[in-house]
Amino acid sequence: MPEAITDLAATELLDAYARRTLDPVEVTEATLERIEQVEPAVNAFVTVTEARAHADARRASAAWAAGTAGRLCGVPYSLKDLVATKGIPTGRGSLVWGVDDAGFDAPVAERLAAAGGVLVGKTTTPEMGWKGDSGNRRNGPCHNPWQHGRTAGGSSGGTAAAAAARCGPLHQGSDGAGSVRIPAGFCGMVGLKPTYGLVAQYPASAVETVSHVGPITRTVADCALMLDVMVGVDERDRTSVAPPCPSYLQALQRPLDRLHIAYSADLGYARIEDGVATHVRAAVDVLRGLGHDVEEVALGLDDPWWIEQTIWETGMAALHDDRFDQVRDALDPGLVAVIESGRTRSGVDLARAYQARVAWVDRLRLALDGYDLLVCPTLPCTAFPAGDNHPGTVAGHEVTYLGWTTLTYPFNLSGGAALTVPCGLADGLPVGLQIVGRRFADELVLRLGAAYEASAGPFSVPVL
């Protein structure tokens, strides 16, 4: 049955292709059938690239037969609808920016295609990725596969919803304040915000200095496999760097030494709902059971939201400033408010935020001195209603459009690796454990994530 095929991870598909027990053409057909089956309820895709997928699958099948298969040969994947693609429209969730053919592929699109992957579509995002829900005025709301009517998160909500709905095993997202980890956490998926610069971006995000491109998958191994293909220098991105690890997937095979891990329930300032806190504490106990030294710490940090907010609002204001008065009515009203706030800020305000960022990141470094990694909740709450801009309140306190993501945006400011892995269900909705490392600690973050995944056992998937 197609459902049996679409349950398989990318690593399992590649093994089946190598043993000739499955063929990319039949896997692609099953994946497209799955998308058609679940899309009315989930609304994860803005474009299903059926013709491209069939062509990619035929090429992959021939490559396996000829012994020339690439790293992802025949594996279905999706791209977020903020990523430039040649020959495929990019809508950005916007009525203002339109739907256009960029005429070129972004670096991540090039690399996934060159590795032999099968592109099945582009996934939905809020307008220009501005919030932690993926509803927009062009495509409507994106629903969480765990519970219709709940958000899949954002801004890579379509990405995570497609992964959770088993519409292919590999899905690309981007993260400027948590936009990989928020939807992965809400949908019970694995999501990695790689070290800044490890995955090249072009064109640059409006919030370039906090933006990362990363994978959302159902398993840590698939996340590592996808990262292997995505990483590397691209001359179009002056911040891109070479990966220090030759293969993140192969690194998962090495046993972990005993780690000294810092655990913070709230980073010192966040408010966390009880159901989330309970499951994260249980996950920490699993890590202790693996033999790691996990110490609860008081980090002594203040909330850096005002820094992230200043970067976000001025970036969005600059992106729209030349024609704001003309396009205002066609923009998401919530985004309008962000832009208007950004237009009131001065260059000195932005410079002050960047200076404060340096100081805050240095305090984080000192607080974690002597620890290998930090673990904390990924999110302070479970998925809120689909189409809302934010939860409204968290643990009884009012929140703002991205200010509620108190546990994710700090690590966009620091630029290090941050992974979310599912660690339980609170009232039927997923909870995530976040594993945070220094810059270029992606290998260690993934290895601990894989060890936790293996010890905790397979996480369930939603029934659709």
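Please refer to the structure higher up on the page.
In this report, the structure presented in the accompanying data block is examined. (Residues numbered from 1 in each chain as written. Predicted model: local features only at pLDDT ≥ 70, side-chain atom pairs only at ≥ 80, totals over all residues. Heavy atoms only, no water.)

### With respect to the pairing of strand β10 (residues 293–296)
- Two strands pair when backbone bridges link them, and strand β9 (residues 260–263) and β10 are joined in this way by four bridges, in the parallel orientation. From the neighbouring strand, I261 faces β10, where its bridge partner is V294. (Pairing = 2+ DSSP bridges. Helix = DSSP H or I, 4+ residues; strand = E, 2+ residues; numbered from the N terminus.)

### Quick word on a negative patch on the surface
- Taken together, E26, E29, E33, E36 and E50 make up a surface patch of like negative charges.
- Examining the composition of the negative patch, we find that four residues originate from one element, helix α3 (residues 24–42), more than from any other.
- Looking at the element boundaries, E29 is found in helix α3. (Patch = residues over 30% accessible without salt bridge, like charges linked within 9 Å, V, L, I, M, F, W, Y side chains within 5 Å. Areas by Shrake-Rupley, 256 points an atom, 1.4 Å probe, with all protein chains shown as cover. Salt bridge = Lys/Arg side-chain N within 4 Å of Asp/Glu carboxyl O. Lys, Arg positive; Asp, Glu negative; His and termini not counted. Charge placed at Lys NZ, Arg CZ, Asp CG, Glu CD.)

### A look at the pattern of salt bridges
- Within this structure, the stated rule accounts for 20 salt bridges.
- A salt bridge links D81 to K122; the shortest N-O distance between them is 3.8 Å. Separated by 41 residues along the polypeptide, D81 in the loop between β2 (76–80) and α5 (107–114) and K122 in strand β3 (residues 118–123) bring together distant segments of the chain.
- For K122, a relative accessible area of 0% translates into the label buried. (Buried < 20%, exposed > 50% of the residue type's maximum accessible area, 1.4 Å probe, protein only.)

### Notes on the nonpolar core
- Ranked by internal contacts, the top residues of the largest apolar core, which has 114 residues, are L112, L419, L433, I435 and L446.
- Looking at this core element by element, the count peaks at eight residues for helix α8 (residues 220–230). (Core = buried A, V, L, I, M, F, W, Y, C linked by side-chain atoms within 4.5 Å.)

### Describing the sheet that holds β3
- Spatially, β1-β3-β2-β6-β8-β7-β14-β15-β11-β9-β10 is the arrangement adopted by the eleven strands of the open sheet, whose pairing is mixed. Edge positions in the sheet fall to β1 (45–48) and β10, since each of these pairs with one other strand and no more. Between one strand and the next, the sheet's axes are offset by a mean angle of 25°, whatever the strand orientation.
- By the bridge criterion, four bridges tie strand β11 (residues 373–377) to strand β15 (residues 429–436) in an arrangement that is antiparallel. When the bridges of β15 are listed, L374 appears paired with V436.
- Sheet contacts for helix α4 (residues 50–66): β1, β2 and β3; angle to β3, the most-contacted strand, approximately 155°.
- Along the sheet, helix α16 (residues 442–456) contacts β7 (190–193), β9, β11, β14 (418–426) and β15; its crossing angle with β14, the most-contacted strand, is approximately 20°. (Axes fitted to C-alpha atoms, helices over the stretch in contact; angles between N-to-C directions. Contact = heavy atoms within 4.5 Å.)

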